[in-house]
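Residue-level listing of the chains:
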Amino acid sequence: MPAFKTPFNGYAVKFSPFYEQRLAVATAQNFGILGNGRLHVIDLSPAGPISEIAAFDTADGVYDVSWSESHDSLLIAAIADGSVKLYDLNLPPTSNPVRSLAEHTRETHSVDYNAVRRDSFISSSWDDTVKLWTIDRPTSVRTFKEHAYCVYSAAWNPRHADVFASASGDCTARIWDVREPGSTMILPAHEFEILSCDWNKYDDAVIATSSVDKSVKVWDVRNYRVPVAVLNGHGYAVRKVKFSPHRGSVIVSCSYDMTVCMWDYMVEDSLIGRYDHHTEFAVGVDMSVLVEGLLASTGWDELVYPSDFDFVQQCGNLTMILV
């Protein structure tokens, strides 16, 4: 089965919550520094070649992507020009994007759809803010501005519809409740920039953060004076961290050291898998909600491999798709 090659450098990857083999890949030209972008939607097939379902070109790089939790054809993309764009797979490329939300004053770096309420999403930006949006409004519902530097990541709590976390270059992670006037918790999680955060899918009080300091840390927001676990093993900044949707103690991370690491933070020897398939920075990773053990990573080496390709690597019953 041939590999699928993207024309630009990979930035983010996201599995569909509706279709087992469907994957969205966000890419940016010239390593995201300057140039165009493209959003790919592909179907992975164990018995045949990868199929590209759609591709949407942008004038600026695409830094992140998130699927709607209520419409199987709707995607939300974070764009380097500061906009958030909505795409509908049921419409031709000429009719997309169906909406462009331009409020951030610098690059939009992350987007995350609310899996509980299913009618709203958040975006985070290098303009130091997080914005709350709903599908039916052309303007944001609210702007959250407390961080003192770029907000690289924002993620909804998997159980509480009004709660999200944000990770910033100001070395803090913050917990927010959209019903409150300001953040409800400030977590000085690292001494260097925090690049990513994610919630445990089985314990709504546990989050993970990743940082330029090469570490992943796990925190319990009920007692956050010291981390629950510190995961060391990457050689450079850890760009993305994700909790498994199927195993409460399993985390996957990717790094500028070109590796993807898998961890079990509840055991002493926490590093349970390392994948060195990328030949450039590994900058995005995701785990399938629908297929236990299925994950994908994306890097700046522009290649997509199917799960049953020769490059598949195993750790227990976890299957790696190389992107």
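These numbers come from a predicted model, not from an experiment.

Draft legend 1. Geometry of the confidence of the model for the protein chain. Looking at the protein chain, pLDDT values average 92 and 93% of them are 70 or higher. Confidence over residues 305-316 falls short of pLDDT 50; this stretch has 32 contacts with residues more than four positions distant or in other chains.

Draft legend 2. Quick peek at the environment of Ser83. Here Ser83 shows up in strand E8 (residues 83-88). Among the residues examined, Ser83 registers a relative accessible area of 2% and is labelled buried. Separated by 40 residues in the primary sequence, Ser83 and Ser123 place their C-alpha atoms 9.5 Å from one another.

Draft legend 3. Structural view of the UniProt feature "repeat: WD" (unreviewed entry) in the protein chain. If you check UniProt for "repeat: WD" (unreviewed entry), the listed places come out as residues 101-143, 144-186, 187-229 and 231-264 in our numbering. Helix and strand shares over residues 144-186 are 0% and 47% respectively, and the end C-alpha atoms of the span are 14 Å apart.

Draft legend 4. Here's a closer look at the sheet that holds strand E2 (residues 9-15). Reading across the sheet, the four strands line up as E2-E3-E4-E5 and stay open at both edges, with antiparallel pairing between neighbours. Across the chains shown, the open sheet's two edge strands, defined by having one partner strand only, are E2 and strand E5 (51-58). Each neighbouring strand pair of the sheet contributes to a mean axis angle of 20 degrees, computed without reference to strand direction. Examined bridge by bridge, E2 and strand E3 (residues 22-28) share six bridges and lie antiparallel to one another. For Ala12, the partnering residue across the bridge sits in E3 and is Ala26.

Draft legend 5. Molecular detail of the pairing of strand E14 (residues 151-156). Within E14, six of the six residues are buried, which leaves it mostly tucked inside the rest of the structure. Here five bridges tie E14 to strand E15 (residues 163-168), and the two strands are oriented antiparallel to one another. In the strand pairing of E15, Ala154 is matched with Ser166. Counted between consecutive antiparallel strands, the loop separating E14 from E15 contains six residues.

Draft legend 6. The sheet that holds strand E24 (residues 260-264), seen in detail. If you trace the four strands from one edge of the open sheet to the other, you get E22-E23-E24-E25, paired in antiparallel fashion. Edge positions in the open sheet fall to strand E22 (238-243) and strand E25 (271-275), since each of these has one partner strand only. When the angles between neighbouring strand axes are averaged without regard to direction, this sheet yields 20 degrees. Sheet topology note: the E22/strand E23 (residues 250-255) ladder contains five bridges and is antiparallel. Among the inter-strand pairings, Phe243 is bridged to a residue of E23, identified as Ile251.

Quick notes on the rules
Residues numbered from 1 in each chain as written. Predicted model: local features only at pLDDT ≥ 70, side-chain atom pairs only at ≥ 80, totals over all residues. Heavy atoms only, no water. pLDDT = per-residue confidence, 0-100. Contact = heavy atoms within 4.5 Å. Helix = DSSP H or I, 4+ residues; strand = E, 2+ residues; numbered from the N terminus. Buried < 20%, exposed > 50% of the residue type's maximum accessible area, 1.4 Å probe, protein only. UniProt positions renumbered as here; feature names shortened; annotations may be inferred. Pairing = 2+ DSSP bridges. Axes fitted to C-alpha atoms, helices over the stretch in contact; angles between N-to-C directions.

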